Amino acid sequence: MSLDRLLRPKSIAVLGGVWARNVIRECNKMGYQGELWPIHPEHTSMEGVPCFNSLDDLPHPPDATFIGINRHQTIKTVAALSAMDAGGAVCFASGFSEAVKEDESAEQQQQKLIHAADTMPILGPNCYGFINYLDGALLWPDQHGGERVDKGVAIITQSSNIVINMTMQRYGLPIAYVVTTGNQAQQGVASLGESLLNDSRVTALGLYIEGFSDLPAYESLARTARRLGKPVVTIKVGRSPQAQAATVSHTASLAGSFAGSKVLLDRLGFPRVNSIPAFLEALRLMHVCGRLPGNRVLSMSCSGGEAALMADAGLLQRVEFPELASNTKQAISEVLGPKVHVANPLDYHTYIWNDAQALQDLFTAAMDADVDITLLIIDTPRQDRCDATDWLRAIQCFIQAKRNTGAAAGVVSLLPENLPEDLAQELIRNGITPFTGLNLALEAIAAAASVAKSPLPNCLLIPPTPPASVGRVMNEAEAKYALSKHDIPIPPNKVVRNGDEAVQAAELIGYPIVVKGLGIAHKTEHGAVFLNVHTPDETRRAISALSQQCDTFLVEEFVGDSDLELLVGVVSDPSTGFLLTLGAGGTNTEILKDRSHRLLPIEKQDVLDALQELAIWPLLNGYRGRRAIDVDKLADVILKVASFVAAHQSIIQELEINPLLIGENHLVAADALIRVSE
């Protein structure tokens, strides 16, 4: 199913009333050179373009069709287009799966639409469609703020209104495509993104993601982005269903609502930003520079205050202002003289403000530094009241320095209005990225520096399996037995029903023991666990106390003298698959909130990397003379947990070992919880 004909059409058919007129009008305004075919049974023309009475009257099957009619007629039209081998369609109508709460038949209507399309690509339903600014092809029923370009970035969103707002930007950002997906009945964000990246005129891709629906498609998109060397930046909004799916374990609260999507985007190598302005800033940088090799920044300004603001902003973002090498310092000092302290961020003072040659020499020396991008902070004055000549001269010197060195460079204004659109466009034409706002600039740089550099992991993600029910929680004895079958170490234990059986089990296992009530999820909170029990009398008293809460009990070996307690948990996220959480374990798990996340499957290095992200890593590694943990052995146990989940992926909803006790001579799952589908 190729999207090329739909997204880069040489012929466009349009059905509908006022919406169809808008599409025809905008195509004419954009200078579309292909064939335009309005279809209407009563009108003879639309916006000066002759109408056809029906699809059957068209000279040949259209490459792309905008369908702006009601949902029932939309389904019939899609079936007819598919039968005539058309290239694809935009389904504007609503009343499909987005309306299931209001209309019981809505989901059924969407399934009919998918069936009608068969192998023909469709966008939507419930979407505006797309604009191809490269070819002037517009299947879009409303206003927009874009213009024709020769190359630029592509943007995909589920929300039509969001992308309309983005086309109204005055950042000077050249946009090649905007595409909306609506309900994503057939074509999702990832499949569309891959098609757009394959257009040689697209420089970077921006994704506004509300939810993940096809993990293999996202992995394919990531491989294509790496192969082509084109960066992808994202905004992820909305709460993950994972937060509601996990309701039993501590892992659920540690994972949080965005953990799965964050880890997925990290794995794909798609940096995530937090706002629309940062999204557009990152796309502007990626259009000009592509992926940055690192996050090392040299900042210059003609003000100590601006230098201080930049230094402070750097503390909030993932960027570095490295100390300058001696040769760079020397070259800068030769321009500025002995009165200026050379540092990074640099305040170059006003001594050379109107000296074009000195400014050019300074900027050239700075761009020769061992950094990944050089920034000039400068706000041009408003030209209706002031004279901007000196500021524009400084910017021209910066442009010349860029030509001299070829280094990555950007101009940053503190206020958006002080970097007008025409100046931003001039900077982009000269290979310099314009930025508006220090924090946004640094967030964009951090994003461009974190675009994936290495190949995508060979192991494919395990697709999520929607649970058939809320599931059943195994009691601890069942859970531990299941884990032991995968060589995950557990303490010797026995299920008992009364005090006599408990004493017999204790004598077999050997004191001291632990006595627990079975069928209680969080035993410590309910007083359902007795630790370090040494005698038969203590054993009987423990059973007597627990009998008020349950009728079966677990007697097991008490494991003492542990160096550390670790949480190992897995939650099935209906959007992103199985999310592994590692963290500080025991009773303080949720207080400490020390955690690291990965998506399954994982390899050993992934586990080691995740462990090193934990605040307790120094304790694992032998902090201040403490005994170091056998991290290699620990990683092997965690991999066995991951293997257990993979082997039971069709039923596992939730798994948690808390704590996994770690000592000099033991590594054992002291408590375990597993929730499975019925």
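Fair warning: this is a prediction, and the values are worked out from it, not measured in the lab.

Describing the confidence of the model for the chain
Alright, step 1. Taken as a whole, the chain shows an average pLDDT of 91; of its residues, 96% reach a score of 70 or greater.
Alright, step 2. Low pLDDT (under 50) marks residues 240-247, which in the prediction has 23 contacts with non-local residues, meaning those over four places away or in another chain.

Some remarks on the sheet that holds strand β16 (residues 373-377)
Alright, step 1. In spatial order, the strands read β15-β14-β16-β17-β18; together these five strands make up an open sheet with parallel pairing. The open sheet has two edge strands, β15 (346-347) and β18 (433-436), and neither has a second partner.
Alright, step 2. Where strand β14 (residues 297-301) meets β16, five bridges bridge the pair, whose relative direction is parallel. Following the sheet pairing, S299 is matched in β16 by L375.

Here we look at the packing of helix α15 (residues 389-405) against helix α16 (residues 421-429)
In helix packing, the relevant descriptors are the interaxial angle and the interaxial distance, both defined with respect to the helix axes.
Alright, step 1. Two elements in contact, α15 and α16, have axes separated by 11 Å at closest approach and are oriented at 20°. One element, α15, and the other, α16, form an angle in the roughly parallel class. Our pair here, α15 against α16, has a crossing hand that is right-handed. Residues L392, I395, Q396 and I399 of α15 touch α16, and the partners they reach there are L423, E426 and L427.
Alright, step 2. Looking at the contact of α15 with α16, its residues break down into five nonpolar, one polar and one charged.

Some details on the pattern of salt bridges
Alright, step 1. A complete count under the given rule lists 25 salt bridges for this structure.
Alright, step 2. For E478, the salt bridge identified is with R472, shortest N-O distance 3.5 Å.
Alright, step 3. Assessed through its relative accessible area of 33%, R472 is described here as partly exposed.
Alright, step 4. Among the ionic pairs, K604 bridges to D636, the shortest N-O distance being 2.9 Å.

Quick word on the packing of aromatic side chains
Alright, step 1. Taken as a whole and assessed by the stated rule, the structure comprises nine aromatic pairs.
Alright, step 2. Aromatic side chains W19 and F92 sit 4.9 Å apart centroid to centroid with 55° between the ring planes, which places their arrangement in the tilted category. Residue W19 is found in helix α2 (residues 18-30), and its partner F92 is found in the loop between β6 (89-91) and α4 (106-117); the two are separated by 73 residues along the sequence.
Alright, step 3. Owing to a relative accessible area of 32%, W19 belongs among the partly exposed residues under this scheme.
Alright, step 4. Where Y348 meets F363, the ring centres are 6.1 Å apart and the plane angle is 80°; that geometry is what we call edge-to-face. Of this pair, Y348 sits in the loop between β15 and α14 (356-367) while F363 sits in helix α14, and the two are 15 residues apart along the sequence. F363 carries the same exposure label as Y348, and that label is buried.
Alright, step 5. Grouped by ring-pair contacts, the aromatic residues W19, F66, F92, Y128 and W140 constitute a single cluster.

Scoring rules and cut-offs
Residues numbered from 1 in each chain as written. Predicted model: local features only at pLDDT ≥ 70, side-chain atom pairs only at ≥ 80, totals over all residues. Heavy atoms only, no water. pLDDT = per-residue confidence, 0-100. Contact = heavy atoms within 4.5 Å. Pairing = 2+ DSSP bridges. Helix = DSSP H or I, 4+ residues; strand = E, 2+ residues; numbered from the N terminus. Axes fitted to C-alpha atoms, helices over the stretch in contact; angles between N-to-C directions. Parallel < 35°, antiparallel > 145°, perpendicular 65-115°, else oblique. Left-handed = near helix turned anticlockwise from the far one by under 90°. Nonpolar A, V, L, I, M, F, W, Y, C, P; charged D, E, K, R; others polar. Salt bridge = Lys/Arg side-chain N within 4 Å of Asp/Glu carboxyl O. Buried < 20%, exposed > 50% of the residue type's maximum accessible area, 1.4 Å probe, protein only. Phe/Tyr/Trp six-rings, centres within 6.5 Å; stacked < 30°, edge-to-face > 60°.

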